[in-house]
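Examination of the molecular architecture
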Amino acid sequence: MTNIPKLPQGRALVTFALFAYNQEKFIREAVEGAFSQTYEPLEIILSDDYSSDRTFEIIERMAAEYTGPHRVIVRQSQANRGLVRHIRDVVEIASGHIVVVAAGDDISFSQRTKELVTLIDEEGSAFAASNYSRIASDGVILNENTFNIKSPNEFISMVNADPKYFVIGAAAAYKKEFLESAFYYAKSTIDCGSLYNEDIVFAAYAVATGSFPSNYKDSPLIGYRISSSSLSNFRVAGSSFNEELSLVYREKFISSARLASLNAVLEIAQSHPNLYKKVRHQKIECDIRRCSIQVAAFNPKFTNRLIQLSNAKSLEELRIMLSRLFGCRFLATLRYGKNKLLGSVKW
């Protein structure tokens, strides 16, 4: 579905890409934020990654009712692609020279695209990020104005580089050519389907090419949601057995995604000496071993988990394997019981 109004002359077309997956509770606010953007000419791509809830239905209805000035494209993956492959799919069809990235549970403020595009154009940077407001699931503001770049962070544990290379992608905009190149040099890892942290891919490529981001610091440009549906923002203790079991399954997902992130950094480094010499190779090798052990520990077959236990090379690996030997439900029971007795302290 595409709504194509007449485009104003004089400024380059920009793409605002909203990525959604099972976010029916928040998607309306996210789409409203996209429609409210003041920059023109703007192409808005509303993309759903094969949600199992009403997310896509809501997107379709809102797009059909939209009568504003922006070009609106609605699409849905034919099957769930995972976050980074989903982003790559959308970038391939984007017409804008800059792509503003938005998540289906966040809220973009109306001036977001205009400010980020102006910053990129004025400074000639490959990408730019803004401050953000941290908001709870119910919309309550937790932190009014949070600086985007963090140190230390997950990326800096992999690469000995300035932490300013790493930004939160949900608050960022990128030149399309930068995204296409980053995806190209991490293609094999992305194709595996387990890569969910686009921020690390883009940070690695930024280090590889010496591309510092521009930073918009005047005010927050998005409301960054802290919720149980978020891939990176969620609480870490279950108040019921089912919640604890959900956290155990999420732990499995995080281990797999972390392993893919490590492999993506190494893949990009293979073709970029500037990144390769900054990679913390020993640390990454240890992390790959640990994540591989954690993923193997969640193998659905008991005999396979038992074999992995026999291959443990340290007390830490033995601890990981033993706690998961009898499966996810058993581990969730142990953690829930401990939380009930001693408080919310993760084992």
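Let me sum up the structure you'll find in this document. (Residues numbered from 1 in each chain as written. Predicted model: local features only at pLDDT ≥ 70, side-chain atom pairs only at ≥ 80, totals over all residues. Heavy atoms only, no water.)

1. A few points about the environment of Arg-329
- Its location among the elements puts Arg-329 in helix α13 (residues 328–342).
- C-alpha separation for the pair Arg-329 and Leu-245, spaced 84 residues apart in sequence, amounts to 6.4 Å.
- If we ignore the near neighbours within four places in the chain, the residues touching Arg-329 are Phe-241 and Leu-245. (Helix = DSSP H or I, 4+ residues; strand = E, 2+ residues; numbered from the N terminus. Contact = heavy atoms within 4.5 Å.)

2. Re the pattern of salt bridges
- Applying the stated criterion across every chain, the model contains 15 salt bridges.
- Residue Arg-88 is joined to Asp-191 by a salt bridge in which the shortest nitrogen-to-oxygen separation is 2.8 Å. Taken as a pair, Arg-88 in helix α3 (residues 83–93) and Asp-191 in helix α6 (residues 187–191) lie far apart in primary sequence, 103 residues in all.
- On the basis of relative accessibility, which here comes to 13%, the residue Arg-88 falls in the buried class.
- Look at the salt bridges and you will find they share partners, linking Arg-258, Lys-283, Asp-287 and Arg-290 into a network. (Salt bridge = Lys/Arg side-chain N within 4 Å of Asp/Glu carboxyl O. Buried < 20%, exposed > 50% of the residue type's maximum accessible area, 1.4 Å probe, protein only.)

3. Digging into helix α7 (residues 198–209)
- Taking 1.5 Å of rise per residue, twelve residues should cover 16 Å, and α7 covers 17 Å from first to last C-alpha, within 8% of that figure.
- Across the twelve residues of α7, eleven count as buried, placing the element largely inside the fold.
- Within the span of α7, buried status applies to Glu-198, Asp-199, Ile-200, Val-201, Phe-202, Ala-203, Ala-204, Tyr-205, Ala-206, Val-207 and Ala-208.
- Those residues of α7 hidden inside the fold are in contact with α3, β7 (127–136), β9 (172–175), α5 (176–185), α8 (241–270) and α9 (273–276). (Expected span 1.5 Å × (residues − 1).)

4. With respect to the pairing of strand β8 (residues 141–146)
- Both β7 and β8 contribute to a ladder of three bridges, which runs antiparallel. Among the inter-strand pairings, Ile-135 is bridged to a residue of β8, identified as Ile-141.
- Between β7 and β8, which pair antiparallel and follow one another directly, the connecting turn spans four residues, one of which, Gly-139, has a positive phi of 90°. (Pairing = 2+ DSSP bridges.)

5. Overview of the packing of α5 against α7
- Direction vectors running N to C along α5 and α7 enclose 100°, while the axes themselves pass 10 Å from each other. Classified by the angle their axes make, α5 and α7 are roughly perpendicular. Residue-level contacts link Phe-178, Leu-179, Ser-181, Ala-182, Phe-183 and Tyr-185 of α5 to Val-201, Phe-202, Tyr-205, Ala-206 and Thr-209 of α7. (Axes fitted to C-alpha atoms, helices over the stretch in contact; angles between N-to-C directions. Parallel < 35°, antiparallel > 145°, perpendicular 65-115°, else oblique.)

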